[in-house]
Amino acid sequence: MNSIEASHAPDASGATPKQLDHIPNLRLSDGNEIPFLGYGLGTANFKRGDKSKFNEDVVAATVTALKAGYTHLDGAEAYSNEKELGTAIQTSGIPRSTLFITTKTSCRQGETIQQAFDRSLSNLSLDYVDLYLIHSPFFGSPLSSPEALQSAWAEMEAIKDSGRAKSIGVSNFLPHHLESILSTAKHPPVINQVEYHPYLQHEDDFVDFHRRHNIALAAYAPLTPITKARGGPVDQVYERLANKYGVGEGEVGLRWVLDQGIVALTTSKREERLKGWLSKLPKFKLTPREVKEISEAGKGRHYRGFWNNRFEEGDRR
């Protein structure tokens, strides 16, 4: 068990969570807390083909995650499975008050955020969500100017003030997008959900920017070096550390995220793997030197799994 300086109540400052017998929550800047490990309804559960057709497989996968112990569920209207997520919550029988539910708006042209939010709540069959996120311009939304971003954020703030979204944040935002919002925000974004893994750590100041502004980070696709980009410089480091701690490489990859004080999202459908992460991740921590070693190795390769049509090759933003 590593003995390093850490916090019992980690927050957006980047303090690493102290090693406990469970995975703790991260305290957001508005005082609410988000579980450090979440189950994502995107990627593997993303609805393809006829998006109007109800998908029982998504319900089953989500119920499996809930029964395995995942209380943080990350959805989005763009995944086209909010109804399935709502059904899974009801089917599980788990009290709503014990769950942390996230959904996101894509900001459709000609539609207010309030309209999108009302539709999401209806699809989810919920009275409120714990976190509501707004997607950046990279999702094809009409947020093409600072003024548009500021106007959209004012709508988000009204939703928070209504009490139907406990916290509000963003997804796939770059620092200059956040600066536009921060210049007028009454309620600053509490979190930015981005693709984040050793091969996409963004520009050097990216993480520090968020910490300076007390904006937490959530990482989707955190296991990309294992799932999509094998054969890179991180492989040997993961293998060695997995052997050292008696865990799988997936656990090492997730701990690299958690030990930076960053929320990690997984989309696995395998019950054994989901349970394994919840049981194994609290049993070890990477040392600061090991976290840095993975980070440095990861900088030797650039790999972006999403939104490649929005970035030039080699763009690490």
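Please read these numbers as outputs of a predicted model, since none were measured by experiment. (Residues numbered from 1 in each chain as written. Predicted model: local features only at pLDDT ≥ 70, side-chain atom pairs only at ≥ 80, totals over all residues. Heavy atoms only, no water.)

When helices and strands are counted, the chain shows 11 helices and 10 strands. Taking as baseline every contact in the chain between residues at least 6 positions apart, the subset at least 24 positions apart corresponds to 72%. As presented, the chain carries roughly 13700 Å² of accessible surface, and 47% of it is formed by carbon and sulfur atoms. (Helix = DSSP H or I, 4+ residues; strand = E, 2+ residues; numbered from the N terminus. Contact = heavy atoms within 4.5 Å. Areas by Shrake-Rupley, 256 points an atom, 1.4 Å probe, with all protein chains shown as cover.)

What follows deals with helix 4 (residues 146-162). Taking 1.5 Å of rise per residue, 17 residues should cover 24 Å, and helix 4 covers 25 Å from first to last C-alpha, within 8% of that figure. Residues Leu-149, Ala-152, Trp-153, Met-156, Glu-157, Ile-159 and Lys-160 constitute the buried set of helix 4. Angularly, the buried residues of helix 4 cover 155° about the axis, an arc narrow enough to put them on a single face. Following helix 4 by one or two positions, Gly-163 adopts a phi angle in the positive range, close to 85°. (Expected span 1.5 Å × (residues − 1). Buried < 20%, exposed > 50% of the residue type's maximum accessible area, 1.4 Å probe, protein only. Arc of directions from axis to C-beta.)

What follows concerns the packing of helix 9 (residues 249-258) against helix 10 (residues 271-280). One can describe the packing of helix 9 onto helix 10 by two numbers: an axis separation of 10 Å at closest approach and a directional angle of 55°. Relative to helix 10, helix 9 is oriented oblique. By crossing handedness, the relation of helix 9 to helix 10 is classed as right-handed. Within the contact between the two elements, helix 9 uses Gly-250, Glu-251 and Leu-254 and helix 10 uses Gly-276, Trp-277 and Lys-280. Here the contact of helix 9 with helix 10 is composed, by residue class, of two nonpolar, two polar and two charged. (Axes fitted to C-alpha atoms, helices over the stretch in contact; angles between N-to-C directions. Parallel < 35°, antiparallel > 145°, perpendicular 65-115°, else oblique. Left-handed = near helix turned anticlockwise from the far one by under 90°. Nonpolar A, V, L, I, M, F, W, Y, C, P; charged D, E, K, R; others polar.)

Attention shifts here to the confidence of the model for the chain. Put simply, the chain has an average pLDDT of 89, and 90% of its residues get 70 or more. Throughout residues 1-7 the model reports pLDDT below 50, and contacts reaching past four residues in sequence, or to other chains, amount to 18 contacts. (pLDDT = per-residue confidence, 0-100.)

As a further point, take the packing of aromatic side chains. Applying the stated rule across the entire model yields four aromatic pairs. A centroid spacing of 4.7 Å and a plane angle of 65° characterise the contact between Phe-117 and Tyr-132, whose relative ring orientation is edge-to-face. Here Tyr-132 lies in strand 6 (residues 129-135) and Phe-117 lies in helix 3 (residues 113-124), a separation of 15 residues in the sequence. Each member of the pair Phe-117 and Tyr-132 is classed as buried. (Phe/Tyr/Trp six-rings, centres within 6.5 Å; stacked < 30°, edge-to-face > 60°.)

Turning next to the environment of Arg-48. If you trace the backbone, Arg-48 turns up in the loop between strand 3 (37-40) and helix 1 (56-68). Counting along the chain gives 32 residues from Arg-48 to Ser-80, while the straight-line C-alpha distance between them is 8.4 Å.

Turning our attention to the side chain of Gln-193. Within the secondary structure, Gln-193 is located in strand 8 (residues 191-195). Those residues in contact with Gln-193, other than ones at most four positions away along the chain, are Asp-74, Tyr-79, Lys-104, Leu-133, Val-170, Ser-171, Asn-172, Ala-218, Tyr-220 and Leu-265.

Attention now moves to the pattern of salt bridges. Inspection of the entire model under this criterion finds 17 salt bridges. Note that Glu-33 is salt-bridged to Arg-27, the shortest N-O span being 3.2 Å. Taking relative accessible area as the criterion, Glu-33 reaches 34% and is therefore assigned partly exposed. What makes Arg-27 partly exposed here is its relative accessible area of 37%. When salt bridges that share partners are traced, they join Glu-77, Arg-108, Glu-111 and Arg-119 into one network. (Salt bridge = Lys/Arg side-chain N within 4 Å of Asp/Glu carboxyl O.)

When helix 2 (residues 82-92) is considered as a whole, its buried residues turn out to be Glu-82, Glu-84, Leu-85, Gly-86, Ala-88, Ile-89 and Ser-92. Among the residues trailing helix 2, Gly-93 stands out with phi positive, at a value near 75°.

Attention now moves to the pairing of strand 6. On a regular strand, each side chain points to the face opposite its neighbour's, so the side chains alternate between the two faces of the sheet. Burial analysis of strand 6 places seven of its seven residues in the buried class, which makes it a mostly covered element. The pairing of strand 5 (residues 100-105) with strand 6 spans four bridges and is parallel. Each residue of the ladder has a partner; that of Thr-105, found in strand 6, is Ile-134. With helix 3 bridging strand 5 and the parallel strand 6, this β-α-β connection has right-handed handedness. Note: strand 6 against strand 7 (residues 165-171), six bridges, orientation parallel. (Pairing = 2+ DSSP bridges. Right-handed = clockwise from strand over helix to strand, strands pointing away.)

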